Structures are given as structure tokens and as C-alpha cells.
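Residue-level listing of the chains:
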Amino acid sequence: MTTRSGTHAIRSEQDVVLSRQAVRKLAIECGLRLVDQTKLVTAVSELARNTVIYGGGGDMDWELVEDGGRKGVRLVFRDEGPGIPDIKQAMTDGWTSGNGLGLGLTGAKRLVDQFDIQSAPGEGTRVTITKWN
Amino acid sequence: MAILQQATIDAIKQNESALLASWIENLGDGGSLNDSRISREDVSRQAREFLSLLVTASANGDAADLTRSEWLDSRQFLEALSRSRAMQGFDSQHTAHFIFSLKRPLFDLLQKAYAADPRALSSELWMISELLDTLGMHTIRSFQKSREEVILRQQEELLELSTPVVKLWEGVLALPMIGTLDSQRTQVVMESLLQRIVETGSEIAIIDITGVPTVDTLVAQHLLKTVTAIRLMGADCIISGIRPQIAQTIVHLGLDLGGIVTKANLADALALALKRSGLTVTKAAG
Amino acid sequence: MDRIPILRMGEFLLVTIQVDMHDQLALTLQDDLSTKINEISAKGVLIDISALDIVDSFIGRMISMISGLSRILDAETVVVGMQPAVAITLVELGLTLSGVSTALDVERGMKLLRERVRSL
């Protein structure tokens, strides 16, 4: 069940910082503990950076969700970039297409409760994450 | 749509004080007034308040559909009431009795008001009965929810109490862990250890697992992650009291304890901590 | 602000990161630091991150790079003041900053640096 939702543009590095701040507020609103807030915001930082660098910019949709008394934050990072040809490979620790450490996607996955990625060459990338309190 | 007839609402309004009196009397028969946990005045005040909310809501709202906004005040009142009853330690029966004991006085009142019209009486009685049942159910539901919240909070408190972080020496903290570790408990305990390291500025933390019979993969990994996190913060960690079975588990799981200092027992760990802090323990002369 | 100030304390450099880091800022800091180490022949670098409420893989990598860079330039690096929640998250992320020295706060970090330099 969605209680509130919205969208943030992620086009530049500055937007990465802004999206982190926005998600921090949402996390506090849902009563996430400090460690869980930090994990979620860190995951946002990784994914938003991917959106800017590899996706050529995109958007982050946010939702406050509720499920049987549990509250959570669900985020969707979407871009219309080149997409990922081999998701399985991209989800391997240490694999990187750029000059990063290759921890962006796999690291973000470990920091949240639910993680889903959809991507194909030429069709952009869509990563959905959820963190429950 | 099931709106109570105007005559019913008028009858309740005109006889409000008499109705209230017999309701409170009923509450007393049910034992609700002779209880040290709540005063007679409080119960009377709650009854009075709820009756006026009920009159207002039923004058405007559909008595068959309590989800409507006209019933919001009544619902919220009952939720607050259930919550406070749950906190005071009443049971669900007692809490629901608050609503159900209003039935008798209301029925009596309607019987008098509709003495000349039995058909209207039965339809109004049915509606009132349904209404009170629904309100009663809502009360029980809210009561249960509050109780669950109380239990959850107690569990969390217990979790924190069960593994206290203690200061062994200036700059040396110890976390004696006892009992079976599940992943969630380990997580909470480790977080409080890290927090205390910052608060006390302690450079050495000892995690003593003498009282832990077994660890599973998740807990062992968590332990290792904690040691790494402590190092990132700029403090050192010693694990003491690893039982032979746990040592075997760790080796079997292929977990790398490299770089982690382990000691057989808490005393050895403390001795090492003191040595690292540049302290020596000597027997006093004489 | 487009630069993080670098303070000089004798033969040590002190960097206090207080803003929400973005990537360009991190890269600039890396450049500035290596220039400065060289300029004054600094023996140690202290990076205070107690005000940072997250460290992601990018910042983590920056810290590792600064540490590696300064070692080549003959200076020790100590990272101080990492918040507990940040440390837990960093480990979960898979970054352990191995090879980077750490201390609880600036004072202890300074002590550690002095000891290191003296033992050389």
C-alpha cells in the first residue's frame, strides 16, 4: 500500500547529493533506525551515481509503503541509457564497467531488504529497492 | 444506509443523564468501578464523553458503516481508551465491557420510547445492537493492537537489557554475550557496542562469547563484520571465550579470522588490553 | 563551496570533511592533498570524517587512494571519527579500507601519527 509518492530528477552530481538528502528525510519519516537510514542513503548514493554516470541521467521515483503495520521506503531508479548487457555479470562483486570498485550494484543490494533490476541493451535500466523498518 | 430514526436520537438526548447513570451502574456491576487501576471518576468521565460522541455521530452518520468520517471521533476515542486500558494492564474482556454494558440501558430506553410501535422498536434495536457490536469489535481490535505494541516494546527492551556493554577499565569495554545468538539480537547488541565505543572513547573492545553455546554462519559473519566495523572506527577488538565447538564451526565455514585477536578467556583478554594501554598489574608490596 | 580546506599543523596536514561530499569535491581534495604533501614534505595526513553521515564506495575509494598516494609520497594517513552507523554500512557494502589506519578522534589520530613518524 502506498501512502505517498513523488519523483526526483537525477541528472547531475548535485542531484545525487539532493536525492540522498530527500531519502534521508523519507527514512526518518518511516521510523528507520539510524543504521538502516545510513544503509538506505548509501544505497541511494550508489544507485543515483550509476544513473548519472552510466545511464546518462534519469529519475528516482519514491514511495512510502505500508504492509501489515510495517512501514518502508521504496525507490525506483530509472534511466534511458545504454542498459546492461549481462545483468548476472554486473551483479558480481568486483565487476565494473567503469573505473569504480564494482561494488555499486552488489553493495546496494546488500544494504536494502528488496532489490530488483531490469535492464537490456538499448532499453535503459530500472532498479527497484525497498527498505522496511 | 441505516440511519437511526430521529425519535431514537431524541430519546437518547432527552434522557442522556439517566442513560449515563444506568450505564455507569452497569459498568459497576461488571466490576469496572472497583478497580484500583482506574478511578470511578475516570470511568464516568469516559462514559459521558463517549455518549456525547455517539449521539453526535449517529445523528449525522450511517450507523451501519463505521468507516465513515462521521464516526472518526468515536473511533479515535475508543482507540485511545483501548490503548490506555492495555497500558494499565486490563484484559480485552474488561475493555470491551465498556461498550457492551451500554446495551442494556439503551435497549431499556428504546423500549420505553417505542412502546407504541413494536415494528419500529425491533428495527431500531437491531440497528443499535449492530452498532454497539461493531464499536465493541473495534475496541477489541484496538486493544489487541496496543497489546502487541506493548509486547514488541518489551521485547526490544529485553534485547537491550540482555547484553549490557560494561566498562572494564578506562578505555576498555567488554560485551559479555550469553545465550543463543540470533542474527537480529547480534545486530542490535553490536550496534550498541559500537555506539558505546564512541561515547566513552574506548580504544579496546572485548567481545566475550563464553556464554554462547553455538553460532551459525550468519552470526559468525556478523561477529566478523563487527570486528571490521570497530577497526574502521579506530578501535581494536578482542574476541574471548571461543568454545572448541564454535572454533570448529568457524573453521568448517571457512570464515577467515585472520587479523582478529582471540583469547581463551576474558581474563587473558583484559590482561592483553591493559598491556596494550601501557599498564602493568603488580602485587602491592607488604 | 568547491574546495575542502587543508590545514597545516607542523609536519602534518589536517582535513576535516564537513560538507555532504559529491564526487568532484572528492577528486579535487585528492589532487590538493598530494600537491600539499609534496610542497611541505608532510609526514602525516589526518582525515576527520566524524561529520560525514554516509561513506559510499566512491568516498571509500577516495580514502583508500589518498592513503596509498600519501604512502608513496612518504606520509602516513590516519582516518578518524567514523560514525558507528557509517562503519557498519561500509562493511556491509563490502569495503574494509584495508591498509588505511584509523583512530577514534583527532587527538588519538595525532598521537598515532606522531608514534608512526617517530618509529620511522
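Calculation criteria
Residues numbered from 1 in each chain as written. Chains lettered and ligands numbered in written order. Predicted model: local features only at pLDDT ≥ 70, side-chain atom pairs only at ≥ 80, totals over all residues. Heavy atoms only, no water. Pairing = 2+ DSSP bridges. Helix = DSSP H or I, 4+ residues; strand = E, 2+ residues; numbered from the N terminus. Axes fitted to C-alpha atoms, helices over the stretch in contact; angles between N-to-C directions. Contact = heavy atoms within 4.5 Å. Buried area = accessible area lost by both parts, 1.4 Å probe. Salt bridge = Lys/Arg side-chain N within 4 Å of Asp/Glu carboxyl O. Polar contact = N/O pair within 3.5 Å; in protein donor to acceptor, adjacent residues only side chain to side chain. Nonpolar A, V, L, I, M, F, W, Y, C, P; charged D, E, K, R; others polar. Core = buried A, V, L, I, M, F, W, Y, C linked by side-chain atoms within 4.5 Å. Buried < 20%, exposed > 50% of the residue type's maximum accessible area, 1.4 Å probe, protein only. Phe/Tyr/Trp six-rings, centres within 6.5 Å; stacked < 30°, edge-to-face > 60°. Lys NZ or Arg CZ within 6 Å of the ring centre and 35° of its normal. Parallel < 35°, antiparallel > 145°, perpendicular 65-115°, else oblique. Left-handed = near helix turned anticlockwise from the far one by under 90°. Right-handed = clockwise from strand over helix to strand, strands pointing away. Expected span 1.5 Å × (residues − 1). Arc of directions from axis to C-beta. pLDDT = per-residue confidence, 0-100.

Moving on: the sheet that holds strand 2 (residues 58–67) of chain A. Residues and elements named next belong to chain A. In spatial order, the strands read 1-2-3-5-4; together these five strands make up an open sheet with antiparallel pairing. In this open sheet, the two strands that pair with only one neighbour each are strand 1 (2–10) and strand 4 (114–119). With strand direction ignored, the average angle separating the axes of adjacent strands in the sheet is 15°. As paired elements, strand 1 and strand 2 share eight bridges and run antiparallel to each other.

Taken together, the 20 residues of chain C in the interface contact 23 residues of chain A. Carbon and sulfur atoms supply 56% of the area that chain C and chain A bury against each other, a total of about 1900 Å² over both sides. Where R49 of chain A meets D56 of chain C, a salt bridge forms, and the shortest distance between an N and an O atom there is 2.8 Å. Across the contact surface, chain C and chain A share seven residue pairs in polar contact (both at pLDDT 80 or more). Looking at the side of chain C that touches chain A residue by residue, the class counts come to nine nonpolar, five polar and six charged.

The next point concerns the nonpolar core. L75 and I129 of chain A together with I17 of chain C are the most contacted members of the largest nonpolar core, which totals 100 residues. Considering every element that reaches this core, the biggest residue donor is helix 9 (residues 217–233) of chain B, with nine residues. If sequence neighbours within four positions are ignored, I129 of chain A has contacts with L40, A43, L47, V73, R74, L75, F77, V112, Q114 and F115 of chain A.

Residue and element names in this part refer to chain B. Here K275 lies in helix 11 (residues 266–276). Owing to a relative accessible area of 64%, K275 belongs among the exposed residues under this scheme. Taking the C-alpha atoms as reference points, K275 and S22, separated by 253 residues in sequence, lie 77 Å from one another.

In this section: the pattern of salt bridges. Taken as a whole and judged by the stated rule, the model has 25 salt bridges over all chains. Residue D36 of chain A pairs with K131 of chain A through a salt bridge whose shortest N-O separation is 3.7 Å. Residue D36 of chain A is found in helix 2 (residues 34–53), and its partner K131 of chain A is found in strand 5 (residues 125–132); the two are separated by 95 residues along the sequence. Each member of the pair D36 of chain A and K131 of chain A is classed as buried. R45 of chain B is the salt-bridge partner of E49 of chain B, the closest N and O atoms lying 3.7 Å from each other. Remark: R45 of chain B and E49 of chain B occur in helix 3 (residues 40–60); sequence separation between them is four residues, near one turn of the helix.

A word on the packing of aromatic side chains. Taken as a whole and assessed by the stated rule, the structure comprises four aromatic pairs over all chains. Ring centres of F50 of chain B and F77 of chain B lie 5.7 Å apart, and the angle between their planes is 25°; this geometry places the pair in the stacked category. On the criterion of sequence distance, the pair formed by F50 of chain B in helix 3 and F77 of chain B in helix 4 (residues 72–88) is long-range, its members being 27 residues apart. Comparing F50 of chain B with F77 of chain B shows no difference in burial state: the two are buried. Three or more aromatic residues joined by ring pairs make a cluster, and in this case those are W23, F50, F77 and F98 of chain B. Over the aromatic face of W132 of chain A sits the side chain of R70 of chain A, whose NZ or CZ is 4.3 Å from the ring centroid. The cationic tip of R37 of chain B hangs over the ring face of F90 of chain B; the distance from NZ or CZ to the ring centre is 4.2 Å.

Think of two packed helices as two axes; the pair is described by the angle between the axes and how far apart they sit. Residue and element names in this part refer to chain A. Closest axis-to-axis distance for the helix 1 (residues 13–29)/helix 2 pair is 9 Å, and the angle between their directions is 150°. By the criterion of interaxial angle, the relationship of helix 1 to helix 2 is roughly antiparallel. Judged by the sense of rotation from one axis to the other, the crossing of helix 1 with helix 2 is right-handed. The segment helix 1 lies against helix 2, with E13, V16, S19, R20, V23, R24, A27 and I28 engaging L34, Q37, T38, L40, V41, V44, S45, A48, R49 and V52.

What follows deals with the interface of chain C and chain B. With 16 residues of chain C at the interface, the matching set in chain B holds 16 residues. For the chain C and chain B pair, buried surface summed over both sides reaches about 1400 Å², with 64% attributable to carbon and sulfur atoms. On the chain C side of the contact with chain B, P84, V91 and L104 of chain C bury the most area, a combined 38% of that side's loss. Connecting chain C to chain B are two salt bridges. The salt bridge partner of K225 of chain B is E92 of chain C, with a shortest N-O separation of 2.8 Å. The interface formed by chain C and chain B contains seven residue pairs in polar contact (both at pLDDT 80 or more). Class assignment of the residues belonging to the side of chain C that touches chain B gives a composition of 11 nonpolar, three polar and two charged.

Residues and elements named next belong to chain B. Burial of strand 2 (residues 172–178) is extensive: five of the seven residues sit out of reach of the surface. Here strand 1 (residues 166–169) runs beside strand 2; their pairing, made up of three bridges, is antiparallel. Bridged to K167 within strand 2 is L173. Taking the residues between adjacent antiparallel strands as the criterion, strand 1 and strand 2 are bridged by two residues, where G171 takes a positive phi near 85°. Handedness of the crossover joining strand 2 and strand 3 (residues 204–211) through helix 8 (residues 183–200): right-handed.

Below, the discussion takes up helix 4 of chain B. All names here are of chain B. Taking 1.5 Å per residue, 17 residues should reach 24 Å; helix 4 reaches 24 Å between its end C-alpha atoms and fits that length. Where helix 4 is concerned, the buried positions are S74, R75, F77, L78, L81, S82, R85 and A86. Here the buried residues of helix 4 occupy an arc of 165° about the axis, which is enough to place them on one side. Immediately beyond the C-terminal end of helix 4, within one or two residues, lies G89, with a positive phi of roughly 90°.

Now for the confidence of the model for chain C. In the predicted model, chain C carries a mean pLDDT of 91, and the fraction of residues at 70 or more is 99%. The ipTM for the predicted assembly is 0.91, set against a pTM of 0.72.

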